[in-house]
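# Topology and contacts: notes
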Amino acid sequence: MLHRFATATLSKVMSVARPVRVHFAVDVENLQSHQSVYVVGSPDVLGAWEAKRAMPLVQDPDRNMRWKGSIMSEVDQLKFRYFIGYNLMSDQGEKLIVDKWEAFLHPRSTLCSAESRNGECRVDRVDLFGYYAGRKCVSDGWLQHSDENQILLRLHGNALKFYKTSKERKNCRVKMTPLDVRFKAPPSGHISFSYGEDEEDEEEDPNNASNKCTHSATHVAVLSDPRPKFYDQEETGVVFNNNKDYLVFRTHCLAAEFLAFYIEIFSEERKRIGACYALPSALQDASGIIHLPFINSSGRPIGQVSIEYLCVRALTRLDEPQLMDQTYCRHWKKRNALEVGHRGAGNSYTKFAMARENTIHSLNTAAKNGADYVEFDVQLTKDRIAVIYHDFHVLVSVARRDGHALPPPTMTREQLDSSNLDFHELPVKDLKLSQLKLLMLDHLSFPQKKENVKKLVEVLEEEDDFKPFPTLVEALTKVDPDVGFNVEVKYPMMQNNGEHECDHYFERNLFVDIILADVLKHAANRRIMFSSFDPDICSMVATKQNKYPVLFLCVGETQRYTPFQDQRTSTSMTAVNFAVGADLLGVNFNSEDLLKDPMPVKKANEFGMVTFVWGEDLDKKENINYFKKELGVDGVIYDRIGEEERRRNVFIVEREQKRALLSCSGASTPQRAPSPSPVSSENNNTSPPLSAKLTRNTQSDSALLEENEDDEVEGLADKLNITGFQSAPMVSIK
């Protein structure tokens, strides 16, 4: 009876009726004067999920915070999202920049014919921006135009130096104002001198479109503050104390080659001390540090400011624009902690493991053993191919003139030292993929390695799935689709001991773009999350795409590993603040640090962040249970998953349970039309629209199928006023 009623009701509401006028009204708080509100959605009139073609709403003259609009719709089910945007000028004309957008897993939805009265739908409905179905979920925008850039300027450490001050100045204030050097700066954007007369500037046509703004205002985040979110600068900037505060200034622009910054230094009493310019010529590379002398109003140099900068460029290796129909970057379904296979089946070069780490076989072994996710490391070869390998260097076996190219297979490790082979350490980045596949290579620890650990390359021939250096694309296409991927983006960093992990590496934007393009093109419906120890890589991955979440990998305070120089990695508390400011999903903590002080997990929870744990301490079952049951983290990453205690992939188990529930209830699973561009998700409750019937029960079903089923069952229950279809509780990250 329930089945027949549900089928009849769905048939009625999904039929195409006469055109209906659909009204949109949304209240937005704290909107800036240059910002507007837009609606993007499934019909072409709403841009077909493409942000640059979205429909602008009109501000209500009677209520400044309300924005309204309407369209005629001939489809019954209409889906949409709101976002906040503003226009910047480029050489090709004005371009719409997405500032903030509603990042719910599934967009807002309305059934036009069922909800309409006299041909009008949603007449009295007023939405609140960022709130939907009892949840709040707003995310920063991403770079969608090929010439769009995000510039980050950082002040920390001993960044301010005064030449003639006998005592250190405290509570100085710093302000950074962006400007396009082609156009005349506003009166507050130039240094005044007490003598001389400037040559008169060439007159500028105020009606010339090129004189419109090519950059946004600059916002600032104080990572050393308890609330490290970005906000508008004050007229006299923000407080900075050497070796105490950490400031990040952020600007968007469409003409990076002409972007400069006017930097002002104020005293504690808010009187201007001096100023300087950071000109485009100083920001030529994608990242670096600049040292700028600043002068007072009489033109005398009085000090120096040191600024780190990062230029994030738009991802340009995709054939299609990134759409807004579904996103997984801010969504997380709360459940028991996920269990993640470290490098697949575990570290095999310095520990014992059943399979060689970071191979297709190792990843599939972990999946077979019930891993929910597998974690692996990705870097680039010389020919710019993304491969899976942990270390930045390998050992190459080279025979002496009187020797052989390869050691005899019967040679023992003790005999190896006295053999006529030399080992040379080479960066992976200096070897092409074909060379990595053909050369006799070994792990850096090979000369000192223990018994019963794997060699990097065996003398005897092996099947491809057992060989090292699989490509990222191979992993995406050959590993069991039910297991999620935690893709650690490896980028070398400077260590506290003064050693760099790998000098003269790939330019950051190029490096990240190659990896992102592989994932976005080949992930299909697989769950994906990104992570990195490099804070800038995390920021870039989150800013260049709008689909997948990012976790900041944190070393924290450690005696086991060599710490990095980057202050953002120094403590777990600092890592939480960075992740909040960078709008990341969460933090992946080092178990060593949390066992000494679990407070960073509590702080991350207060911000609504997702928490994972990795580390050597997870070799012990009692530590895994402590993090899962007492600290309540969202995921644990460890070696040899499923070997001591058999387990099943949680997503497969949930899928089977939901199908059983549907079968017992007698209700059929509703179907959806395919998504214009289905994209993968790592998150537990994240999945693209269904492109096939949900009655399939083969393991080749969409990796995210069960979560779509959950969402569809809830939606059906709501529409038919049926109780009993309750999903697991979900938390949307604020």
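Not measured: the values here are computed from a predicted model. (Residues numbered from 1 in each chain as written. Predicted model: local features only at pLDDT ≥ 70, side-chain atom pairs only at ≥ 80, totals over all residues. Heavy atoms only, no water.)

Before going further, it helps to spend a moment on the overall build of the protein chain. Regarding its fold elements, the protein chain presents 14 helices and 38 strands. Residues classed as buried in the protein chain amount to 56% of the 734 residues present. Long-range contacts, defined here as pairs at least 24 residues apart, represent 73% of the contacts in the protein chain between residues at least 6 apart. (Helix = DSSP H or I, 4+ residues; strand = E, 2+ residues; numbered from the N terminus. Buried < 20%, exposed > 50% of the residue type's maximum accessible area, 1.4 Å probe, protein only. Contact = heavy atoms within 4.5 Å.)

All right, on to the confidence of the model for the protein chain then. The predicted coordinates should not be examined in detail at positions where pLDDT is low. In the predicted model, the protein chain carries a mean pLDDT of 84, and the fraction of residues at 70 or more is 78%. With pLDDT under 50 throughout, residues 1-16 is counted as low confidence; its partners more than four residues away or in other chains account for 20 contacts. Contacts of residues 669-706 to residues separated by more than four positions or lying in other chains number 131 contacts, the stretch itself having pLDDT below 50. (pLDDT = per-residue confidence, 0-100.)

What follows covers a nonpolar patch on the surface. Residues Val181, Tyr277 and Leu279 make up a contiguous nonpolar surface patch of about 230 Å² in total accessible area. On the basis of relative accessibility, which here comes to 41%, the residue Val181 falls in the partly exposed class. (Patch = residues over 30% accessible without salt bridge, like charges linked within 9 Å, V, L, I, M, F, W, Y side chains within 5 Å. Areas by Shrake-Rupley, 256 points an atom, 1.4 Å probe, with all protein chains shown as cover. Salt bridge = Lys/Arg side-chain N within 4 Å of Asp/Glu carboxyl O.)

Per the counting criterion, the structure on display carries 23 aromatic pairs. Measuring from centroid to centroid gives 5.2 Å for Tyr262 and Tyr277, while their planes differ by 40 degrees, and the two rings are tilted. With Tyr262 in strand β21 (residues 259-266) and Tyr277 in strand β22 (residues 272-278), this residue pair connects regions lying 15 residues apart in the sequence. On the basis of relative accessibility, which here comes to 30%, the residue Tyr277 falls in the partly exposed class. An aromatic cluster is present here, built from Phe392, Tyr491, Tyr505, Phe506 and Phe511 joined pairwise through their rings. (Phe/Tyr/Trp six-rings, centres within 6.5 Å; stacked < 30°, edge-to-face > 60°.)

Now for the side chain of Ser116. Inspection of the secondary structure puts Ser116 in the loop between α2 (112-115) and β9 (120-121). What makes Ser116 buried here is its relative accessible area of 16%. One polar contact links the side chain of Ser116 to the main-chain carbonyl oxygen of Ser113, over a distance of 3.1 Å. Setting aside residues up to four positions removed in sequence, Ser116 forms contacts with Val20 and Cys121. (Polar contact = N/O pair within 3.5 Å; in protein donor to acceptor, adjacent residues only side chain to side chain.)

What follows concerns the pattern of salt bridges. On inspection of all chains with the given rule, the structure shows 44 salt bridges. Note that Asp27 and Arg66 form a salt bridge whose closest N and O atoms lie 2.7 Å from each other. Of the two residues, Asp27 is situated in strand β1 (residues 20-27) and Arg66 in strand β5 (residues 66-73); the sequence distance between them amounts to 39 residues. Here Asp27 matches Arg66 in class, with each residue buried. One salt bridge in this structure joins Asp536 and Arg154, with 3.0 Å as the shortest N-O distance. Of this pair, Asp536 sits in helix α8 (residues 535-544) while Arg154 sits in strand β14 (residues 149-155), and the two are 382 residues apart along the sequence. Comparing Asp536 with Arg154, the two get one shared label, buried.

To continue, consider the packing of helix α9 (residues 572-581) against helix α11 (residues 599-606). Helix packing for two helices is described by the angle between their axes and how far apart those axes are. Two numbers describe how α9 lies on α11: the axes approach to 9 Å, and their chain directions differ by 15 degrees. Viewed along their axes, α9 and α11 adopt a mutual orientation that is roughly parallel. Considering the relative orientation of α9 and α11, their crossing is right-handed. Residues Ser572, Met573, Val576 and Asn577 of α9 pack against Met599, Pro600, Lys603 and Ala604 of α11. For the contact of α9 with α11, a count of residues per class yields five nonpolar, two polar and one charged. (Axes fitted to C-alpha atoms, helices over the stretch in contact; angles between N-to-C directions. Parallel < 35°, antiparallel > 145°, perpendicular 65-115°, else oblique. Left-handed = near helix turned anticlockwise from the far one by under 90°. Nonpolar A, V, L, I, M, F, W, Y, C, P; charged D, E, K, R; others polar.)

This part is about the nonpolar core. By size, the foremost hydrophobic cluster in this structure holds 77 residues, and its most contacted members are Phe376, Phe485, Phe511, Ile515, Ile528 and Phe530. With eight residues, the single largest contributor to this core is helix α7 (residues 508-522). In this structure, Phe162, Leu247, Ile265 and Cys276 belong to the second largest nonpolar core, which totals 32 residues. (Core = buried A, V, L, I, M, F, W, Y, C linked by side-chain atoms within 4.5 Å.)

What follows deals with the state of the cysteines. Going through the model one piece at a time under the given rule, you end up with zero disulfides. The structure places no disulfide on Cys112, whose sulfur is separated from the nearest cysteine sulfur, that of Cys121, by 5.0 Å. Judged by its relative accessible area of 1%, Cys112 falls in the buried class. (Disulfide = S-S within 2.5 Å.)

Taking 1.5 Å of rise per residue, the 15 residues of α7 would be expected to cover 21 Å, and the 22 Å separating its terminal C-alpha atoms lies within 8% of that figure. The buried fraction of α7 amounts to 13 of the 15 residues, a majority that puts the element mostly inside the structure. Taken from the residues just after α7, Ala524 is the one with a positive phi, measuring 50 degrees. (Expected span 1.5 Å × (residues − 1).)

Most of strand β16 (residues 172-180) is tucked away, with eight of its nine residues classed as buried. In terms of strand pairing, β16 meets β21 through eight bridges, oriented antiparallel. The residue of β21 that forms the bridge with Arg173 is Phe266. (Pairing = 2+ DSSP bridges.)

In this section: the environment of Gln233. Among the structural elements, Gln233 can be located in the loop between β18 (231-232) and β19 (238-240). Classification of Gln233 as buried rests on a relative accessible area of 18%. As for Gln233 and Thr177, which are separated by 56 residues in sequence, their C-alpha atoms are 9.4 Å apart. Contacts of Gln233, omitting those with residues within four sequence positions, involve Val174, Lys175, Met176, Thr218, Val220 and Phe249. Polar contacts involving the side chain of Gln233 include one to the main-chain carbonyl oxygen of Met176, which spans 2.8 Å.

Turning next to helix α12 (residues 621-630). All of the buried residues along α12 are Asn623, Ile624 and Phe627. Summarising the axial view, the buried residues of α12 lie within an arc of 105 degrees, below the 170-degree limit, and thus occupy one face. Away from its buried face, by an angle of more than 90 degrees, α12 presents the exposed residues Glu622, Lys629 and Glu630. Buried residues along α12 sit in contact with α10 (591-596), β36 (610-614) and β37 (635-638). (Arc of directions from axis to C-beta.)

Within the element layout of this structure, Ala217 appears in the loop between β16 and β17 (219-222). With relative accessibility at 44%, the residue Ala217 sits in the partly exposed group. Here the alpha-carbon distance between Ala217 and Met176, two residues 41 residues apart in the chain, equals 9.5 Å. Beyond its immediate sequence surroundings of up to four residues, Ala217 is in contact with Pro178, Arg250 and Thr251.

For β36, the buried fraction is high: five of the five residues fall into the buried class. On β36, burial covers both faces: Val610, Phe612 and Trp614 on one face and Thr611 and Val613 on the other are all buried. Here five bridges tie strand β35 (residues 586-590) to β36, and the two strands are oriented parallel to one another. Counterpart to Gly586 in the pairing with β36 is Val610. Chirality of the crossover, the property in question, places the unit of β36, α12 and β37 among those that are right-handed. (Right-handed = clockwise from strand over helix to strand, strands pointing away.)

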